[in-house]
Amino acid sequence: MHDSHAPSSIVAFWRDAGPQKWFKKDEAFDAAFRQAFFDSHLLAARQQLGHWMDSAEGALGLLLLLDQYPRNAFRDTAHMFATDALARHYARLSLARGWDRQVDTALRPFFYLPFEHSEDATHQALAVRLCESLDAQTLRFARLHADIIERFGRFPHRNAVLMRQSTEAEQAFLDQGGFAG
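All residue numbers refer to position in the chain's written sequence, counted from 1. Only residues with pLDDT of at least 70 get local features here, since the model is predicted, and only at 80 or more are side-chain atom pairs given and counted; chain-wide, interface and lining totals rely on the full set of residues. The side-chain values count all of the structure's non-hydrogen atoms but skip hydrogen atoms and water molecules.

Engineer: Describe the packing of aromatic side chains, naming the residues involved and giving the relevant values.
Structural biologist: Only the six-membered ring of Trp is used, alongside the rings of Phe and Tyr, when aromatic pairs are assigned; centres must lie within 6.5 Å, and planes under 30 degrees apart are stacked while those over 60 apart are edge-to-face, with the rest tilted. For the structure shown, the criterion picks out 16 aromatic pairs. With a centroid separation of 5.1 Å and an interplanar angle of 40°, the aromatic rings of Trp14 and Phe33 are classed as tilted. Of the two residues, Trp14 sits in helix α1 (residues 7-17) while Phe33 sits in helix α3 (residues 27-45), which places them 19 residues apart along the sequence. The same class applies to Trp14 and to Phe33, which are both buried. Relative to Phe23, the ring of Trp22 lies with its centre 6.4 Å away and its plane at 80°, an arrangement referred to as edge-to-face. Residue Trp22 is classed as buried on the basis of its relative accessible area of 7%. Grouping aromatic residues by their ring pairs yields a cluster made of Phe13, Trp14, Trp22, Phe23, Phe29, Phe33, Phe37, Phe38, Tyr69, Phe74 and Phe110. Secondary structure elements are defined from DSSP: runs of H or I of at least 4 residues count as helices, runs of E of at least 2 residues count as strands, and each element is numbered from the N terminus. Think of it in three bands: residues with accessible area under 20% of the maximum for their type are buried, residues over 50% are exposed, and the middle band is partly exposed, with areas taken using a 1.4 Å probe on protein chains only.

Engineer: Lay out the layout of surface pockets with the relevant residues and their values.
Structural biologist: Gaps between atoms show up when a probe of the same size as a water molecule is rolled over them. A volume near 940 Å³ is recorded for the largest pocket. Looking at the largest pocket, it is lined by 32 residues, and the ones nearest its centre are Trp22, Phe23, His117, Phe179 and Gly181. Only α2 (19-22), α4 (56-73), α6 (109-116) and α8 (136-152) provide two or more residues apiece to the lining of the largest pocket. Considering every element that reaches the lining of the largest pocket, the biggest residue donor is α8, with five residues. Note that domain bounds follow an automatic or database assignment of domains. Summarising the domain contributions, the lining of the largest pocket has at least three residues from each of domain 1 (1-103) and domain 2 (118-180). Detection works on a 1 Å grid of protein atoms alone, calling trapped sets that fit a 1.4 Å probe cavities and calling open sets with protein on both sides within 12 Å along at least five of seven lines pockets, with lining residues defined by an atom within 4 Å of a point. Grid points are joined across faces, edges and corners, and a volume is the space filled by probe spheres set on the points.

Given below as structure tokens:
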């Protein structure tokens, strides 16, 4: 059993899950992720794991806890987005320290996703720029996110859980199968 409060534990869990689990809705995976790292997520949300920023692996672990974990563990709730600003804070520090360039290329996008998940156009532009050095699919999704923010100023698929009223254009986008996160 790994220490769930060690960066290596969350990075190994995420790496082992792989791309086939990372962006798919999978209740079993979500439950396993939630159970394994709930306490660590709360520590990160309380800013009690800032010392993880001393290494690339630690920074990646912190970003996974603050950006990816809530999207899986608290799917379809407003809590999915509760630690986004904190994730962006640590992502900025990570970029300044060059941590993103010291991890396996397959894991590098997780340093950029906090910007891609933002509803701020400036963050979106940064995400696209950062993803230009990565694979075509990663760049395609970064551009897709940026295009949605450019078009609507927010992600329409979040409206229901955030108690926001969708505009007619947003609802039409959703009804036509527009990006749903």
